[in-house]
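Geometric and topological summary
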Amino acid sequence: MTQHGPASAAASTDIAADPAEVYALITDLPTLAALAEEATKMEWHKGDCVAPGAVFKGHNRQGTKKWTTTCTVTHAEPGRAFAFDVKSLVIPVAHWRYDITATDAGCTVTERTWDKRPGWFRTPAGIATGVRDRDTANAKHIKLTLQRLKDRAESV
C-alpha cells in the first residue's frame, strides 16, 4: 500500500457477510454509487473491470451542485482491498480505500480517504461542490456509506 499519512476521514463496521461478497458490492460501480452519499453514478471510462490502472468517472451531487471526477484504480485485491485516486481534470483531489478483514462472523470493512487537493484548490473546490469542510463531510459520508453497505450485504 502506498503511504498516504493519516487519513483525513475513516470509519469501520462489522458486517455479517463473506468478504468476497462484500468486495463484489464495493467494486460494482452502480452499487458503490448507490451506497455513497454524494455519488449519483459511476461508469467505466478506460477498461471495464476492477484492476489497477482502470479508470472510471464519478458523477456527484451535493444539493444543487454537480461535478464529475476521474478515478483511477490503484489497488484491487478480491476479498481484501479496493482503492482509487480521484482527480478533477488533472488536479489531485483524494485517495479512497476500502480494506476488508475476515472475521469469525464475516468481515470488518474500513473505509478511508485522504484529501490530496493542493491548498490553492480547496476554496474553489468547496464553492464548486457546496462543501467547504470536506473532512467533516467525508467523515459523515463514510459512516452513511458503511451503514448502507452493511444493510445491503446482510440482506443478501
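Up top is the structure.
Remember, predicted model here, so these are calculated numbers, not experimental data. (Residues numbered from 1 in each chain as written. Predicted model: local features only at pLDDT ≥ 70, side-chain atom pairs only at ≥ 80, totals over all residues. Heavy atoms only, no water.)

**Structural notes on the layout of surface pockets**
The calculated volume of the largest pocket comes to roughly 610 Å³. The wall of the largest pocket is formed by 37 residues, among which Glu38, Asn60, Trp67, Trp96 and Arg134 lie closest to the centre. Elements with a minimum of two residues in the lining of the largest pocket: strand S2 (39–46), strand S3 (55–62), strand S4 (65–77), strand S5 (81–88), strand S6 (91–103), strand S7 (106–115), helix H3 (119–129) and helix H4 (134–155). Examining the composition of the lining of the largest pocket, we find that six residues originate from one element, H4, more than from any other. Split into classes, the residues belonging to the lining of the largest pocket amount to 19 nonpolar, eleven polar and seven charged. (1 Å grid on protein atoms, 1.4 Å probe; cavity = no way out; pocket = protein on both sides within 12 Å on 5 of 7 lines; lining within 4 Å. Points joined across faces, edges and corners; volume = space filled by probe spheres on them. Helix = DSSP H or I, 4+ residues; strand = E, 2+ residues; numbered from the N terminus. Nonpolar A, V, L, I, M, F, W, Y, C, P; charged D, E, K, R; others polar.)

**Structural notes on the environment of glycine 5**
Position of glycine 5 among the secondary structure elements: in the segment before strand S1 (9–15). Along the sequence, glycine 5 and tryptophan 114 sit 109 residues apart, while their C-alpha atoms lie 8.2 Å from each other.

**Some remarks on helix H1 (residues 19–27)**
Buried within H1 we find Pro19, Val22, Tyr23, Leu25, Ile26 and Thr27. Residue aspartate 18 occupies the N-cap position of H1, its side-chain oxygen lying 2.9 Å from the main-chain nitrogen of alanine 20. (Buried < 20%, exposed > 50% of the residue type's maximum accessible area, 1.4 Å probe, protein only. Polar contact = N/O pair within 3.5 Å; in protein donor to acceptor, adjacent residues only side chain to side chain.)

**A few points about H4**
With 22 residues, H4 ought to run about 32 Å at 1.5 Å a step, and its terminal C-alpha atoms sit 31 Å apart, in line with that. Of all the residues in H4, the buried ones are Arg134, Ala137, Asn138, His141, Ile142, Thr145, Leu146, Leu149 and Ala153. Relative to the axis of H4, the buried residues are bounded by an arc of 160° and lie together on one face. With respect to the buried face of H4, the exposed residues turned more than 90 degrees away are Lys140, Lys143 and Ser155. (Expected span 1.5 Å × (residues − 1). Arc of directions from axis to C-beta.)

**Quick look at the sheet that holds S3**
Taken in spatial order, the seven strands line up as S1-S7-S6-S5-S4-S3-S2 in an open sheet, and their pairing is antiparallel. Strands with a single pairing partner mark the edges of an open sheet, and in this sheet they are S1 and S2. This sheet shows a mean twist of 20° between the axes of neighbouring strands, independent of strand direction. Contacts from H1 reach S1, S4, S5, S6 and S7, with the element oriented near 160° to S6. The strands that H4 touches are S1, S3, S4, S6 and S7; relative to S1, the one it contacts most, it runs at about 15°. (Pairing = 2+ DSSP bridges. Axes fitted to C-alpha atoms, helices over the stretch in contact; angles between N-to-C directions. Contact = heavy atoms within 4.5 Å.)

**Details of the packing of aromatic side chains**
One pass over the structure, following the stated rule, counts four aromatic pairs. Ring geometry for phenylalanine 56 and phenylalanine 84: centres 5.2 Å apart, planes at 70°, overall edge-to-face. Here phenylalanine 84 lies in strand S5 and phenylalanine 56 lies in strand S3, a separation of 28 residues in the sequence. Judged by its relative accessible area of 1%, phenylalanine 56 falls in the buried class. Here the aromatic rings of phenylalanine 82 and phenylalanine 84 are separated by 5.5 Å at their centres, their planes lie at 45°, and the arrangement is tilted. On the accessibility criterion, phenylalanine 82 (1% relative accessible area) is buried. On the accessibility criterion, phenylalanine 84 (5% relative accessible area) is buried. The rings of Trp44, Phe56, Phe82 and Phe84 are connected pair by pair, giving a single aromatic cluster. (Phe/Tyr/Trp six-rings, centres within 6.5 Å; stacked < 30°, edge-to-face > 60°.)

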